[in-house]
Amino acid sequence: MVHKAAIRFSDAGRTEYTLSKETQDAGFGIEADELASIVRGHDTKGFNTHGGTEGIAKEVSSSFTDGISSSDVSRRQDIYGVNKYTEKPPRGFWTFVWEALHDLTLIILMVCAVVSIGVGIGTEGLPKGMYDGVGILLSIFLVVLVTAVSDYKQSLQFRDLDKEKKKIFVQVTRDGYRQKISIYDLVVGDIVNLSTGDIVPADGIFIFGYNLLIDESSLSGESEPLDVNQEKPFLLCGTKVQDGYATMLVTAVGMRTEWGKLMETLSEETDDETPLQVKLNGVATIIGKIGLVFAVLTFLVLTTRFLVVKFVHQEFSHWSSGDALKLLDFFAIAVTIIVVAVPEGLPLAVTLSLAFAMKKLMNDKALVRHLSACETMGSATSICTDKTGTLTTNHMVVDRIWFSGKNKELKGNEVKTETSETILAIFLQVIFLNTGAEVVKDKDGKTTILGQPTESALLELGILLGGDFDAFRQQYQIKNVEPFSSVRKKMSVLVTLPEGGTRAFCKGASEIVLGLCNKMIDCDGHSVDLSEEHMKNITNVINGFANEALRTLCLAFKDMDDGCNEDSIPEDGYTLVAVVGIKDPVRPGVMDAVRTCLAAGITVRMVTGDNIYTAKAIARECGILTEDGLALEGSEFRNKNPLEMKAIVSNIQVMARSLPSDKHTLVSYLRNVGEVVSVTGDGTNDAPALHESDIGLAMGIAGTEL
Ligand SMILES: Nc1ncnc2c1ncn2[C@@H]1O[C@H](COP(=O)(O)OP(=O)(O)OP(=O)(O)O)[C@@H](O)[C@H]1O
Ligand SMILES: [Ca+2]
């Protein structure tokens, strides 16, 4: 500390670092720009000058455990800014009118109108000579008005959509407890909890966490993910947490971040035309060109005939105003051909009807990112949906438990009375220590569970069994965490026990975790070797749960030798404690929806990360899986060669235990065989497939940007 202070003192002396009065008065120890540039520039020297993470936390008066106090927020916003990006001012109505006027046919028409009025008045006098010209002008006015109004309305709608899209919530610790706030309310000094799949909501410094991998491709285009830890603590806004879990101290928000600067250059709305519009515009242009050719031809032919006649009658030197009028008449005929031939209104009609469809969808609480989606959606021949959260409600409750010792399935409330204490104790350890969810108390002392539904279901069970989350977290020291990911399909932790010794816990997809076990606990709480017989038994239990459409998880532990390596968590030699079956009921209405799709000739496919039996059971329940349909596991699909894949892909109805990349492969093969594929999914594991699909329907729960 003394040492740091000394460095700071000398550095301060050298750079003449003085605080502005406002910052000082507000009680902070660092300027906003200075702090922002340290993180943005990955300036380790400046970082150390300010005393590292602790020093900076002190300077922005934040505490790692309690965060900031919410009464502070406006003071922080005054000094360090608001987490919003300045956007280009929205385009006004008149810009749209101006744009609509920039149309070649309209310009030709206007010229014709003016000429026609001029000549008309000259020859036929007022007001009769004006009628034609004014008529043309009026119709131009009408077309411009309709185009401008519809474009303008569309841009307003997109702005609303944009706002909707940006309503993202993050978990922060404020006033000593964890809570959810909107990213707009984030201020410098906030302690943010990041987990897999999150977008980093502001610039910040890593405080604490495990195995944090950051994908910076959105900022730097660099696709190799970056390790972030105490040594390399800088986190940039707009990057994505690819793996791991961490808490972060916010150091810059809004326009002071790199992302903010990027947004400023990007916030220009991009025109997106739907495929149909592009096609129709193409058609309109071709027809227009043909019309133009014919118009020119007609004009030339008429004029030539007129000239020839004049030549034959030897009147070439006598020109009357009648002749001029005749030539003008030819011109008018040519223009009429153009006007009739160019189907100006066609693309316009499409825009209008699509905008209408979008509005209707929005009323149904569906958010349409691109206008084109409405149209493509109509032509979809295949839907790939995930299971959890889309077909099911995502409200999970532990329904069945099987303890290896008991060899008996239990309902939640029977567990306490019928299970030996040793087993129960270990069971609670797995539940409370090996979890990414958290039991939090809010201001009024009410407990809520924050976290993924699967983990919340387990925590709820733990509380039901009389466990105390906080007590567990205080007694045991967590050494390492490998968070859950859709690829690994399990979560593991390494923990120091209060009585000494280190223990690893693992929970996750049943077959996968079972494969890591070579022992199990018997009824007295002793570890015994897993025999073939046991294995068969347990597999039966798992399949039994799965056939009842339950999501099954295995929980296991392993006692570590003294002096084991704390940097890695073992991948084998676990002792099985329990199998749990979690109920996640099918959403009401799903069966009808599936039936409607099938009736409309759309094939529905389920692609899920869950167990194959669970997947099949749910698929049957929803009417997705039929007698002759194909259900297989992701690994089976993955190992086929491209030809085989192509052959079976159309028959696949259920794909279970899939990796995110499998979803992606499936979609690209389906498109390959000529299907228009729509993908629905809620999670980060669906993102690659959503990208690949013709239409991605993200069921917005998590803040996953696509
Ligand atoms: N938090 C967790 N910890 C440990 N294991 C988990 C956790 N969540 C899910 N699992 C296990 O991983 C399996 C697959 O999860 P994954 O995320 O790949 O699919 P999903 O997104 O839940 O399902 P779907 O693809 O249908 O939406 C689950 O069946 C479950 O056994
Ligand atoms: Ca999912």
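Look above for the structure.
Read on for an overview of the structure. Just so you know, these numbers come straight off a predicted model, no measurement behind them.

Thresholds applied
- Think of each chain on its own: its residues are numbered from 1, step by step along the sequence as written.
- Labels follow written order: the first chain is A, the first ligand is 1, and so on.
- Side-chain atom pairs in this predicted model are given and counted only at pLDDT of 80 or more, local residue features only at pLDDT of at least 70, and totals for whole chains, interfaces and linings cover all residues.
- As a convention, hydrogens and water are excluded, and side-chain values are obtained from all of the structure's heavy atoms.
- Exposure categories follow from relative accessible area, calculated using a 1.4 Å probe and restricted to protein chains: below 20% of the type maximum is buried, above 50% is exposed, and the middle band is partly exposed.
- The helix count covers DSSP runs of H or I at least four residues long, the strand count covers runs of E at least two residues long, and both are numbered beginning at the N terminus.
- Only strands joined by at least two bridges in the DSSP assignment are considered to pair.
- Put simply, a salt bridge is a Lys or Arg side-chain nitrogen that is within 4 Å of an Asp or Glu carboxyl oxygen.
- Throughout this document, a residue counts as near a molecule or strand when at least one of its heavy atoms sits within 4 Å of that molecule or strand.
- Polar contacts, as used here, are pairs of N or O atoms within 3.5 Å; protein pairs need one atom able to donate a hydrogen and one able to accept it. Residues neighboring in sequence count only if both atoms are side-chain atoms.
- Note on areas: these come from Shrake-Rupley sampling with a 1.4 Å probe, and a residue is covered only by the protein chains present in the view.
- Domain extents, as shown, originate in an automatic or database domain assignment.
- Counting rule for charge: Lys and Arg are taken as positive, Asp and Glu as negative, and neither His nor the chain ends is counted.
- Every definition here rests on a 1 Å grid over the protein atoms only: cavities are sets of points where a 1.4 Å probe fits but cannot get out, pockets are open sets enclosed by protein on both sides within 12 Å along at least five of seven lines, and lining residues have some atom within 4 Å of a point.
- Grid points are joined across faces, edges and corners, and a volume is the space filled by probe spheres set on the points.
- Side-chain classes are defined by residue name, with Ala, Val, Leu, Ile, Met, Phe, Trp, Tyr, Cys and Pro counting as nonpolar, Asp, Glu, Lys and Arg as charged, and the others, Gly among them, as polar.
- Axes, fitted as lines to C-alpha atoms, cover a helix only where it is in contact. Angles between the N-to-C directions of the axes lie from 0 to 180 degrees.
- Our angle categories are set so that under 35 degrees counts as roughly parallel, over 145 as roughly antiparallel, 65 to 115 as roughly perpendicular, and the remainder as oblique.
- In this scheme, a crossing is called left-handed if the near helix is turned counterclockwise away from the far one by less than a right angle; it is called right-handed if the turn is clockwise.
- Between two residues, a contact is recorded if the distance between any of their heavy atoms is within 4.5 Å.
- When the centres of two rings from Phe, Tyr and Trp lie within 6.5 Å, Trp using its six-membered ring, the rings pair. Their planes under 30 degrees apart give stacked, over 60 give edge-to-face, and anything left gives tilted.
- Patch rule: a residue counts if its relative accessible area is over 30% and it has no salt bridge; like charges are joined within 9 Å, and nonpolar side chains (Val, Leu, Ile, Met, Phe, Trp, Tyr) within 5 Å.
- We define the nonpolar core as a collection of buried residues of types Ala, Val, Leu, Ile, Met, Phe, Trp, Tyr and Cys that are connected through side-chain atoms lying within 4.5 Å of one another.

**Looking at the pairing of strand 2 (residues 177–182)**
Alright, step 1. Across the six residues that make up strand 2, a large majority, five, are buried.
Alright, step 2. Sheet analysis places strand 1 (residues 169–174) next to strand 2, joined by six bridges and oriented antiparallel. Counted as the bridge partner of Val 172 is Gln 179 from strand 2.
Alright, step 3. Where strand 1 folds back onto strand 2 in an antiparallel hairpin, the turn is made up of two residues, including Asp 175, whose phi is positive at roughly 50 degrees.

**Description of unusual backbone geometry**
Alright, step 1. One non-glycine residue, His 42, adopts positive backbone phi at about 45 degrees.
Alright, step 2. Looking at where His 42 falls in the secondary structure, it is placed in the loop between helix 3 (32–40) and helix 4 (44–49).

**Let's talk about the pattern of salt bridges**
Alright, step 1. Scanning the model with the defined rule gives 21 salt bridges in all.
Alright, step 2. For the salt bridge of Glu 455 with Lys 507, the shortest nitrogen-to-oxygen distance reads 2.5 Å. Pair noted here: Glu 455 is in helix 18 (residues 453–464) and Lys 507 is in strand 15 (residues 502–509), with a separation of 52 residues, a long-range link.
Alright, step 3. On the accessibility criterion, Glu 455 (6% relative accessible area) is buried.
Alright, step 4. Between Arg 638 and Asp 662 there is a salt bridge, with its nearest N and O atoms 3.0 Å apart. Here the residue Arg 638 occupies a position in helix 24 (residues 634–638), and Asp 662 occupies one in helix 26 (residues 660–672), the gap between them amounting to 24 residues.
Alright, step 5. Through salt bridges with shared partners, a single network forms among Asp 243, Glu 482, Arg 488, Lys 490 and Glu 571.

**Some points on the site of ligand 1**
Alright, step 1. Around ligand 1, the structure places 22 residues, and the nearest of them are Lys 387, Lys 489, Arg 551, Thr 608 and Asp 610.
Alright, step 2. Contact distances for ligand 1 include 2.6 Å between an oxygen atom and a side-chain N or O atom of Thr 608.
Alright, step 3. In isolation ligand 1 exposes 620 Å². Once the protein is present, 96% of that is buried.
Alright, step 4. Among the elements of the structure, helix 18, strand 15 and strand 18 (551–560) are those that each provide at least two residues to the shell around ligand 1.
Alright, step 5. A domain split of the shell around ligand 1 shows at least three residues from each of domain 2 (380–392 + 586–698) and domain 3 (397–583).

**Here's the deal with the side chain of Asp 203**
Alright, step 1. Structurally, Asp 203 can be placed in strand 4 (residues 203–215).
Alright, step 2. Buried charge Asp 203 goes without a salt bridge, the closest partner of opposite sign being Arg 40 at 4.8 Å.
Alright, step 3. Reaching out from Asp 203, the side chain makes a polar contact with the backbone nitrogen of Cys 237 at a distance of 2.7 Å.

**Some thoughts on helix 5 (residues 52–59)**
Alright, step 1. Among the eight residues that make up helix 5, six are buried, leaving the element largely enclosed by the rest of the structure.
Alright, step 2. Inspection of helix 5 places Gly 52, Thr 53, Gly 55, Ile 56, Ala 57 and Glu 59 among the buried residues, and these make up the whole buried set.
Alright, step 3. Count one or two residues on from helix 5 and you reach Ser 61, which has phi positive near 35 degrees.

**A look at the layout of surface pockets**
Alright, step 1. Of the volumes computed, that of the second largest pocket is approximately 470 Å³.
Alright, step 2. Lining the second largest pocket are 21 residues, and of these Ser 116, Asp 132, Leu 328, Asp 329 and Ala 332 sit closest to its centre.
Alright, step 3. Secondary structure elements with two or more residues in the lining of the second largest pocket: helix 8 (104–124), helix 9 (131–165) and helix 13 (321–341).
Alright, step 4. Residue composition of the lining of the second largest pocket, by class: 12 nonpolar, five polar and four charged.

**Looking at the packing of helix 17 (residues 421–433) against helix 18**
Helix-helix packing is characterised by the crossing angle of the two axes and by the distance between the axes.
Alright, step 1. The geometry of helix 17 relative to helix 18 is characterised by a closest axis approach of 9 Å and an angle of 135 degrees between their N-to-C directions. When the axes of helix 17 and helix 18 are compared, the pair comes out oblique. Judged by the sense of rotation from one axis to the other, the crossing of helix 17 with helix 18 is left-handed. Two secondary-structure elements touch here, helix 17 through Phe 427, Leu 428, Ile 431 and Phe 432 and helix 18 through Leu 458, Leu 459, Leu 461, Gly 462 and Ile 463.
Alright, step 2. Partitioned by chemical class, the residues of the contact of helix 17 with helix 18 number eight nonpolar, one polar and no charged.

**Structural notes on the packing of aromatic side chains**
Alright, step 1. Throughout the structure, instances matching the rule amount to 12 aromatic pairs.
Alright, step 2. Ring centres of Phe 47 and Phe 234 lie 5.4 Å apart, and the angle between their planes is 75 degrees; on these two criteria the pair is classed as edge-to-face. Of this pair, Phe 47 sits in helix 4 while Phe 234 sits in strand 6 (residues 234–235); the two residues are 187 residues apart in sequence, bridging distant segments of the chain. Each member of the pair Phe 47 and Phe 234 is classed as buried.
Alright, step 3. Both rings, one in Phe 403 and one in Phe 427, keep their centres 5.0 Å apart while their planes meet at 75 degrees; by these two values the pair is edge-to-face.

**A closer look at a nonpolar patch on the surface**
Alright, step 1. A cluster of nonpolar side chains, contributed by Val 134, Leu 138, Phe 141, Leu 142, Leu 145 and Val 149, occupies part of the molecular surface with about 530 Å² of accessible area.
Alright, step 2. Considering the arrangement of structural elements, one finds Val 134 in helix 9.
Alright, step 3. On the basis of relative accessible area, Val 134 is assigned to the partly exposed category, the value being 31%.

**Side note on the nonpolar core**
Alright, step 1. Counting 39 residues, the largest nonpolar core has Tyr 80, Leu 186, Leu 212 and Leu 235 as the members making the most contacts within it.
Alright, step 2. Secondary structure elements with two or more residues in this core: helix 3, helix 5, helix 6 (73–80), strand 1, strand 3 (191–195), strand 4, strand 6 and strand 7 (240–252).
Alright, step 3. One finds Val 398, Ala 457, Met 491 and Leu 555 within the second-largest nonpolar core, a separate group that totals 38 residues.

**With respect to the packing of helix 21 (residues 532–547) against helix 23 (residues 612–622)**
Alright, step 1. At their nearest, the axes of helix 21 and helix 23 sit 7 Å apart, and the two run at 20 degrees to each other. Comparing their axes, helix 23 and helix 21 come out roughly parallel. In the crossing of helix 21 with helix 23, the sense of the turn from one axis to the other is right-handed. Counted together, Asn 543, Ala 546 and Asn 547 of helix 21 and Tyr 613, Thr 614 and Ala 617 of helix 23 form the full contact between these two elements.
Alright, step 2. Broken down by class, the residue content of the contact of helix 21 with helix 23 amounts to three nonpolar, three polar and no charged.

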